[in-house]
Amino acid sequence: GPGSWRSSTTCPKIGSSATTADAGGTATATATADMPEAILLKDVEALGERGDVIDVSPGYLRNYLIPRKLAEPATRGSIEAAKQRMEAAERAQREAAARAEENAALLTRTVLTIRQQAGDDGRLFGSVTTQDIADAIREARGLRVDKRKVHLDEPIKHVGTHMVVVEVADGVTATVKTMVVEQA
């Protein structure tokens, strides 16, 4: 009938009975219409996040999403593979978060001692920088910490005990007790 060329399930005029009765390619369209058509391989602004199963027109999938490696056609196998990738990514994220928490707990219990030359009044010749603290953490605990993750308002210039905040991972911080002592 008129409008039977449309195989979209969103068109209200065409029910599933009308499309299955039609001869030609529309019979196969209803067989796959209940199957989602694409799995996103990357986050796409208007469509969704990586791993989402979305319904898109075949032309958009074929001509835009696939050539740009943004999506792949959804088959049972690819849906399963996408689920496994998502589960593996979530598991890795949970393990990384747990490791970060353990490292933060370890660093919170750590007391760093940094020896520097100082004058009689306790002022250092030079200063203790974020790099010095990162190196001291590596020596004491074997943890590699980027100096940019060590939060010091300004380099330490006096002998004494200082509480230094270290960002172990995104949103996970530890406060490390740092004792700067005079080198004998």
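Our structure's up above, just so we're on the same page.
Now for a look at the structure at hand.

Quick notes on the rules
- Residues numbered from 1 in each chain as written.
- Predicted model: local features only at pLDDT ≥ 70, side-chain atom pairs only at ≥ 80, totals over all residues.
- Heavy atoms only, no water.
- Phe/Tyr/Trp six-rings, centres within 6.5 Å; stacked < 30°, edge-to-face > 60°.
- Helix = DSSP H or I, 4+ residues; strand = E, 2+ residues; numbered from the N terminus.
- Salt bridge = Lys/Arg side-chain N within 4 Å of Asp/Glu carboxyl O.
- Buried < 20%, exposed > 50% of the residue type's maximum accessible area, 1.4 Å probe, protein only.
- Core = buried A, V, L, I, M, F, W, Y, C linked by side-chain atoms within 4.5 Å.
- Contact = heavy atoms within 4.5 Å.

Attention now goes to the packing of aromatic side chains. Per the stated rule, a full pass over the model turns up 1 aromatic pair. Ring centres of tyrosine 60 and tyrosine 64 lie 5.3 Å apart, and the angle between their planes is 5 degrees; this geometry places the pair in the stacked category. With tyrosine 60 and tyrosine 64 both in helix 3 (residues 58–65) and 4 residues apart, the pair spans about one turn of that helix.

Tallied over the full model, the rule gives 4 salt bridges. Across the pair glutamate 72 and arginine 85 runs a salt bridge whose closest N-O atoms are separated by 4.0 Å. Taken together, the residues glutamate 72 in strand 3 (residues 71–73) and arginine 85 in helix 4 (residues 76–108) connect sequence positions 13 residues apart. When its relative accessible area of 22% is taken as the criterion, glutamate 72 is described as partly exposed. You can call arginine 85 partly exposed: its relative accessible area is 36%. Arginine 148 is the salt-bridge partner of aspartate 146, the closest N and O atoms lying 2.8 Å from each other. Relative accessible area serves as the criterion here: at 66%, arginine 148 is assigned to the exposed category.

A general feature of soluble globular proteins is that nonpolar side chains tend to end up buried together. Formed by 22 residues in total, the largest nonpolar core has its most connected members in Leu107, Val128, Ile133, Ile137, Val150 and Val166. Among the elements of the structure, helix 4, strand 4 (111–116), strand 5 (123–128), helix 5 (130–141), strand 8 (160–169) and strand 9 (172–182) are those that each provide at least two residues to this core. With residues near it in sequence (within four places) discarded, isoleucine 137 still touches Leu107, Leu112, Gly142, Leu143, Val145 and Val166.

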